[in-house]
Amino acid sequence: MNNRLFKILLIFFIFKLSNTVLAEPKVIEWDDLSPAKGHGVKLKLDKKAPVKGTPDISEFDGSKEQLDNFLDDMKFMKEMQGESGFINMDLNNKKIKIAGYITPIAFDGENVTEFLFVPYRGACIHVPPPPANQIIYVKSATGLKADKIWAPQWITGILSVNSVSTIVADVGYSIQHASVSPYRTDINLFDLIK
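Asker: Outline the packing of aromatic side chains, listing residues and values.
Answerer: Within the structure shown, the criterion is met by four aromatic pairs. With centroids separated by 5.3 Å and ring planes inclined at 45°, the aromatic side chains of F60 and F70 adopt a geometry described as tilted. Taken as a pair, F60 in the loop between β2 (41-42) and α2 (64-79) and F70 in helix α2 lie far apart in primary sequence, 10 residues in all. F70 sits in the partly exposed class, given a relative accessible area of 27%. Centroid distance W154 to Y183: 5.2 Å. Interplanar angle 40°. Geometry classified as tilted. Taken together, the residues span a long stretch of sequence, with W154 in strand β7 (residues 153-165) and Y183 in the loop between β8 (170-182) and α3 (189-193) at a distance of 29 residues. Across the ring face of W154, the terminal group of K97 is positioned such that the distance to the ring centre comes to 4.8 Å.

Asker: Let's hear about unusual backbone geometry: which residues, and what values?
Answerer: Working note: non-glycine residues mostly have negative phi, and peptide bonds are mostly trans. At D61, a residue that is not glycine, the phi angle is positive and equals roughly 50°. Locating D61 in the fold gives a position in the loop between β2 and α2.

Asker: For the side chain of N133, give the residues involved together with the corresponding values.
Answerer: You can see N133 is positioned in the loop between β5 (111-118) and β6 (136-142). At 3.4 Å, the side chain of N133 and the side chain of S34 are in polar contact. When sequence neighbours within four positions are dropped, the list of residues in contact with N133 reads L33, S34, S84, G85, F86, I87 and Y173.

Asker: Go over the pairing of β7, please, and point to the residues and values.
Answerer: For strand β4 (residues 94-108) and β7, the ladder comprises seven bridges, and the chain directions are antiparallel. By the bridge assignment for β7, I96 is matched with G157. Bridge count for β7 against β8 is nine bridges, and the pairing is antiparallel. In the strand pairing of β8, I155 is matched with V180.

Asker: Account for the nonpolar core, naming residues and giving values.
Answerer: Residues L33, I98, F115, F117, I136, I155 and L159 are the most contacted members of the largest nonpolar core, which totals 25 residues. When residues of this core are traced back to their parent elements, those giving at least two are β4, β5, β6, β7 and β8. When residues in this core are grouped by element, the largest group, four residues, is from β8. The residues touching L33, leaving out its near neighbours within four places in the chain, are I28, F86, I87, N88, L91, I98, N133, Q134, I136, L159 and Y173. By size, the runner-up hydrophobic cluster in this structure holds 12 residues, among which are I105, L116, I135 and V164.

Asker: Report on the environment of R121, specifying residues and quantitative values.
Answerer: The topology assignment puts R121 in the loop between β5 and β6. Sequence separation between R121 and G100 is 21 residues, and the spatial gap between their C-alpha atoms is 7.8 Å. Apart from the residues within four sequence positions on either side, R121 is in contact with Y101 and W150.

Asker: Got a sec to walk through the pairing of β6? Specific residues and values, please.
Answerer: Bridge count between β5 and β6: three bridges; the pairing is antiparallel. Among the inter-strand pairings, F117 is bridged to a residue of β6, identified as I136. When β6 meets β8, the two strands line up parallel, connected through six bridges. When the sheet's bridge partners are listed, Y137 is paired in β8 with S174.

Reading the values: the criteria
- Residues numbered from 1 in each chain as written.
- Predicted model: local features only at pLDDT ≥ 70, side-chain atom pairs only at ≥ 80, totals over all residues.
- Heavy atoms only, no water.
- Phe/Tyr/Trp six-rings, centres within 6.5 Å; stacked < 30°, edge-to-face > 60°.
- Helix = DSSP H or I, 4+ residues; strand = E, 2+ residues; numbered from the N terminus.
- Buried < 20%, exposed > 50% of the residue type's maximum accessible area, 1.4 Å probe, protein only.
- Lys NZ or Arg CZ within 6 Å of the ring centre and 35° of its normal.
- Polar contact = N/O pair within 3.5 Å; in protein donor to acceptor, adjacent residues only side chain to side chain.
- Contact = heavy atoms within 4.5 Å.
- Pairing = 2+ DSSP bridges.
- Core = buried A, V, L, I, M, F, W, Y, C linked by side-chain atoms within 4.5 Å.

What follows is the structure in structure tokens.
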């Protein structure tokens, strides 16, 4: 490949990457994750892939009994998960912003670093997980303290269509690096006066 062609391809790649990363995110709803009938791809889980979020025995003060009880509870919760559904391929590698709730699966001190993002509070903890096409696995997040997980949040990042198996649920989407911010809606003062 000549040097000129290489430079053109490099510039194109950098331009394409920067447009994806720097572009304004598309605000989506949870329904957008479920494609229109006949337009999605059936979720396929890799049964050999490692399960994300499995705790270490040290998190239970070295008690194998407590760890086993926890793992049994999580297995029961995962068994109650609904059908996987179809995945919306149109959202693959798109920068999105979506509102929802946090189900933590990994911490670094008081920071939540890995979590499942779900459409309603308590999903995967107090109530059965939603279908896999209604859960986003977030690998690395910034801006999320453990004491903020009960309030609704916005997450923003590049959405990937890929299956992930976690300790509490199977997941159809993931975001490698997400920014997290408190959920707020824009209030139009003129609408309040009407």
